[in-house]
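# Architecture and fold: a report
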Amino acid sequence: METYALDYETYYDKQCSIRKLGPLGYFSHPEFDAYMLTVKGTDGTEFVGHPKDFNWKLLIGNTALSHNASFDETLYLYGVTQSWWPEVKPAAWHCTADLAAYCRLPRSLKGATATAFGLEIDKSTRDNMSGKRWESMTDEFKAEVSAYAIKDSELCLRIWEEFADRWPEEERVISTLNRRICQGGLPIDTDLLKSQLEIINEKLFEAESAIPWLGTKPLLSRAAFDEECQKVGLEPPASLAKTNPESKKWLDYNSQKHDWIAATQNWRRINAIKKKIESFDVATMPDGRYYGGCMYFGAHTGRFSGGGGNLNLQNLPREEMFGVNLRHLISTKNDTRLVVADLSQIEVRTLCWLAGDRDMLKEIEESEDIYEAFAIRFGKWEKCGESLKKNDPFLRHKIKAMVLGCGYGAGKKRFKEMSGMPQKLASASVDLYRSSMEKVPKLWRKYGADINGAYNLSEQGMPTPFTVDLPSGRVLNYGLISADKVEGGRIQYTAYFPKGAKMVPIRLWGGFIAENASQALARDIFSDMLVRVAAAGHNIIMHVHDEIVVEADADKADAALADILNIMSTPPEWIADIPLSAEGATMTCYTK
């Protein structure tokens, strides 16, 4: 079997761009033009030219590659529907950007090749292609573009040849499935979309109108804000960030007396929501579906992340804001339903499993409410006729905060900030968690000792990356770590992870590794379920964190929900002893 790396070059400008329009909105834009394809093959094939002139039959039964297949493969598939080129069936089409992310390389081709091969790629040619059509380019620039493009295909193939054997088949399946889900699109209530655009524009106008310096200075000008404060006899705060407790107190108090203060705070939030609605609008096609993205291995733990741009489907507001509800835009027609199923408290369960606390896992399995199981473990509740959730919701909320906030080594001061509890109560809660869940702090200490051990071996001339084995067979690899002495003589360990095109430092300690490992294991369990739900014939249209969204015929939705919940409550074969639970519902529009 041969392998071919493909890379399209396309016209783009500020208005005609994938970042602004989404993939299908970009491809269908009247100014769009896919004027070049470059191909590099293991059989010696090297092609630079117009896509219509390529011998597409070469791909039949062979492996196709692209560095960002979410773009190149999706463009190929769209082009087939427009008869721009023939339809052929490769054995597989893989994404080397996904491969790079899996192998701890920066996702971008520039960053991946710099880290893997020590090569620096000049991307200025791509930048200079903005607003230029092939037919209007000079011969000199055409030659520059051609050389630049074929180099991308060569490097894509080189990354594959160097790293493909480190990318397991099951991960390739997850990568491809994630792409297929995005290519299917989301059903959108286009009438509601239009209505919400009108509402948010009205809210933005109202906020702008309340800001005294409208039309004379930038709306978010700090100097203008301070000047207005002085006019009304207020001492401006040191910061306008609501994350600053003092600033938040000042803003909350003075917003009640001065509408313009509230308006300046609301304007930024309203404008951000407006951009999200506009992103829905421009990327919703005539078929009534929104086409966006979701990034495979978007975090170093393997978790998926948003696809970039102004709209991150992984982080839609849960509730209505300023008169609009973004989730409700995702809505089915009368003959279909959304089937939404969510894994319950998966990272709490994976932490207990990694810590080897089989008793706690048994208690979780036998309880209808996971937080009641912990309340009993903490000695705060006894088994009785009434449930904790019904009988003492305040205690349940406190227990939930402890379980979610104390499992990864947060100190007493930090937990106070996280939970909002008074310091005395927060300190007692941390002590209670650690004394009741002795195996979890033991896990932190084990990971801390493993970090220290890997570093010491490297210092003794035996380079040893710090790694954490997962039951799925995947390995969290932190690479070779460095160490520095910090205040109090303590040793601070550091690893480097890809962020953008660079490798950035991340501080390591036992609790942080426990959090990483819990999240990574939860991701592997969830990904296994994605594959099984899809294999069962369900049409997955979106997944968010630990939630799967399926589109089903209205008369089959209840049966689909039952089947999906059964699949998601059944652990993978490689971790058969972890108790799982899932809950879900059928709905006409997406809610949380």
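Numbers given to residues run from 1 along each chain, matching the order in which its sequence is written. It should be noted that, the model being predicted, local features are given only for residues of pLDDT at least 70 and side-chain atom pairs only at 80 or more, the latter also being counted only at that level, while totals for whole chains, interfaces and linings use all residues. Excluded from the side-chain calculations are hydrogens and water; all other atoms, namely the structure's heavy atoms, are used.

### Concerning the overall build of the protein chain
On a plain count of helices and strands, the protein chain comes out with 21 helices and 18 strands. Expressed along its principal axes, the backbone C-alpha trace of the protein chain runs to roughly 75 × 65 × 60 Å. The buried share of the protein chain, taken over its 592 residues, is 50%. Pairs of residues are marked as contacts when any of their non-hydrogen atoms sit within 4.5 Å. For the protein chain, the proportion of contacts with a sequence separation of at least 24, taken over those separated by at least 6, is 66%. Here the Shrake-Rupley method, with its probe set to 1.4 Å, supplies the accessible areas, and only the displayed protein chains count as covering residues. Accessible area for the protein chain stands at about 28,400 Å²; split by element, carbon and sulfur atoms hold 49% of it. All tallies of charge rest on Lys and Arg as positive and Asp and Glu as negative; His and the ends of each chain are not included. To locate a charge, take atom NZ for lysine, CZ for arginine, CG for aspartate or CD for glutamate. The averaged location of the 81 negative side-chain charges in the protein chain is 6 Å from the averaged location of its 72 positive side-chain charges. Under the scheme used here, helices are H or I runs from DSSP no shorter than 4 residues and strands are E runs no shorter than 2 residues, and both carry numbers assigned from the N terminus. Accessible area is worked out with a 1.4 Å probe on protein chains only. A residue is then buried under 20% of its type maximum, exposed over 50%, and partly exposed in between.

### Quick look at the sheet that holds strand β15 (residues 502-508)
Two strands are counted as paired when DSSP detects at least two bridges linking them. Strand order in the open sheet formed by 3 strands is β13-β14-β15, and the pairing between neighbours is antiparallel. Only two strands of the sheet have a single partner each, and these edge strands are β13 (482-485) and β15. The sheet shows a mean angle of 35° between the axes of neighbouring strands, taken without regard to direction. Sitting on the sheet, helix α19 (residues 439-459) touches β13, β14 (491-499) and β15, and the angle it makes with β14 is about 85°. Comment: axis = line fitted to C-alpha atoms, over the contacting stretch for helices; angle = value between 0 and 180 degrees taken between N-to-C directions.

### Comments concerning the side chain of E551
Assignment of secondary structure puts E551 in strand β17 (residues 547-553). Within the structure, the side chain of E551 is placed 2.8 Å from the side chain of R289, a separation counted as a polar contact. Sequence-distant contacts of E551, defined by excluding residues within four places in its chain, comprise P187, R289, T336, R337, N539 and I541. Polar contact is defined as a pair of N or O atoms within 3.5 Å, subject to the rule that within protein one atom must be able to donate a hydrogen and the other to accept it, and that residues adjacent in sequence are counted only when both atoms are side-chain atoms.

### Structural notes on the side chain of R523
Checked against the element boundaries, R523 lands in helix α20 (residues 510-535). Accessibility expressed as a relative area gives 1% for R523, which makes it buried. Here R523 is in contact with E171, I174, Y296, F297, T301, G302, R303 and R474, once residues within four sequence places are set aside.

### What to know about the packing of aromatic side chains
For this analysis, a ring pair means two rings from Phe, Tyr or Trp (six-membered ring only for Trp) whose centres lie within 6.5 Å, classed as stacked if their planes differ by under 30 degrees, edge-to-face if by over 60, and tilted for the remaining angles. In the structure shown here, the tally under the stated rule is 33 aromatic pairs. Where Y26 meets F71, the ring centres are 6.4 Å apart and the plane angle is 35°; that geometry is what we call tilted. Within this pair, whereas Y26 is found in helix α1 (residues 18-27), its partner F71 is found in helix α2 (residues 69-81), the two being separated by 45 residues in sequence. Like Y26, the residue F71 is buried in the burial classification. Remark: a charge is flagged as sitting over a ring if the NZ atom of Lys or the CZ atom of Arg is within 6 Å of the ring centre and within 35 degrees of the ring normal. Directly above the ring of F141 sits K132, whose terminal nitrogen or CZ lies 5.7 Å from the centroid.

### Here we look at the environment of A454
Within the secondary structure, A454 is located in helix α19. A C-alpha to C-alpha distance of 5.4 Å links A454 and T464, two positions 10 residues apart in sequence. Those residues in contact with A454 that lie beyond four places of it in its chain are T464, P465 and F466.

### Re the packing of helix α16 (residues 393-405) against helix α18 (residues 423-436)
Packed helices, taken two at a time, are described by the angle between their axes plus the distance between the axes. Between α16 and α18, the least distance of the axes is 10 Å, while the angle of their chain directions is 65°. Between α16 and α18 lies a crossing whose hand is right-handed. Residues K398, M402 and V403 of α16 lie in contact with α18, whose contacting residues are L425, S429, L432 and Y433. Grouping the constituent residues of the contact of α16 with α18 by class yields 5 nonpolar, 1 polar and 1 charged. By the definition used in this description, the sense in which the near helix is turned from the far one sets the handedness, with an anticlockwise turn below a right angle giving left-handed and a clockwise turn giving right-handed. Just so you know the grouping, Ala, Val, Leu, Ile, Met, Phe, Trp, Tyr, Cys and Pro go in nonpolar, Asp, Glu, Lys and Arg go in charged, and all remaining residues, Gly too, go in polar.

### Quick look at the pairing of β15
One ladder, built from 7 bridges, connects β14 with β15; its direction is antiparallel. Along β15, the bridge assignment pairs Y496 with P505. Remark: 2 residues form the turn of the hairpin made by β14 and β15, two consecutive strands paired antiparallel; G500 in that turn has positive phi of roughly 65°.

### Concerning the pairing of strand β10 (residues 336-343)
Burial analysis of β10 places 7 of its 8 residues in the buried class, which makes it a mostly covered element. As judged from the 7 bridges shared by β10 and β17, these two strands associate in the antiparallel manner. The residue bridging T336 from the neighbouring strand is D553, located in β17. Across 6 bridges, β10 lies against strand β18 (residues 582-587) in antiparallel orientation. By the bridge assignment for β18, D342 is matched with E583.

### So, the pattern of salt bridges
Salt bridge, as used here: a side-chain nitrogen of Lys or Arg that lies within 4 Å of a carboxyl oxygen of Asp or Glu. Evaluation of the coordinates by the stated rule reveals 30 salt bridges. The salt bridge involving E31 is made with R133; its shortest N-O contact spans 2.8 Å. In this pair, E31 is assigned in the loop between α1 and β2 (34-41) and R133 in the loop between α5 (124-128) and α6 (139-163), connecting sequence segments 102 residues apart. Salt bridges sharing partners connect three or more residues here, namely E171, R474, R523 and D524.

### Topic: the nonpolar core
Soluble globular proteins tend to pack their nonpolar side chains together in the buried interior. Each nonpolar core is a collection of buried residues, namely Ala, Val, Leu, Ile, Met, Phe, Trp, Tyr and Cys, held together in the definition by side-chain atoms within 4.5 Å. Counting residues in hydrophobic clusters, the biggest one holds 106 residues, and the most contacted among them are F374 and L508. Looking at which element gives the most residues to this core, the answer is α20, with 12 residues. Excluding anything up to four places from it in sequence, L508 contacts I451, F466, Y478, I481, Q492, Y493, T494, A495 and I513. One finds L204, L219, C229 and M542 within the second-largest nonpolar core, a separate group that totals 41 residues.

### A closer look at the packing of helix α10 (residues 245-255) against helix α11 (residues 259-282)
One way to put it is that α10 packs onto α11 with a least axis distance of 7 Å and a crossing angle of 130°. The angle between α10 and α11 falls in the class oblique. Together, W250, L251, N254 and S255 of α10 and D259, I261, A262 and Q265 of α11 make up the contact between the two elements. Tallied by class, the residues present in the contact of α10 with α11 amount to 4 nonpolar, 3 polar and 1 charged. In what follows, roughly perpendicular refers to angles from 65 to 115 degrees, roughly parallel to angles under 35, roughly antiparallel to angles over 145, and oblique to any angle outside these ranges.

### Focus: the sheet that holds strand β5 (residues 92-95)
Strand order in the open sheet formed by 5 strands is β3-β2-β1-β4-β5, with mixed pairing between adjacent strands. Single-partner strands in this sheet number two, and they are β3 (46-49) and β5. Averaged over all neighbouring strand pairs, the angle between strand axes comes to 25°, with direction disregarded. When strand β1 (residues 3-10) meets β2, the two strands line up antiparallel, connected through 7 bridges. When the sheet's bridge partners are listed, Y8 is paired in β2 with L37. Taken strand by strand, α2 contacts β1, β2, β4 (63-66) and β5, and its axis lies near 85° from that of β1.

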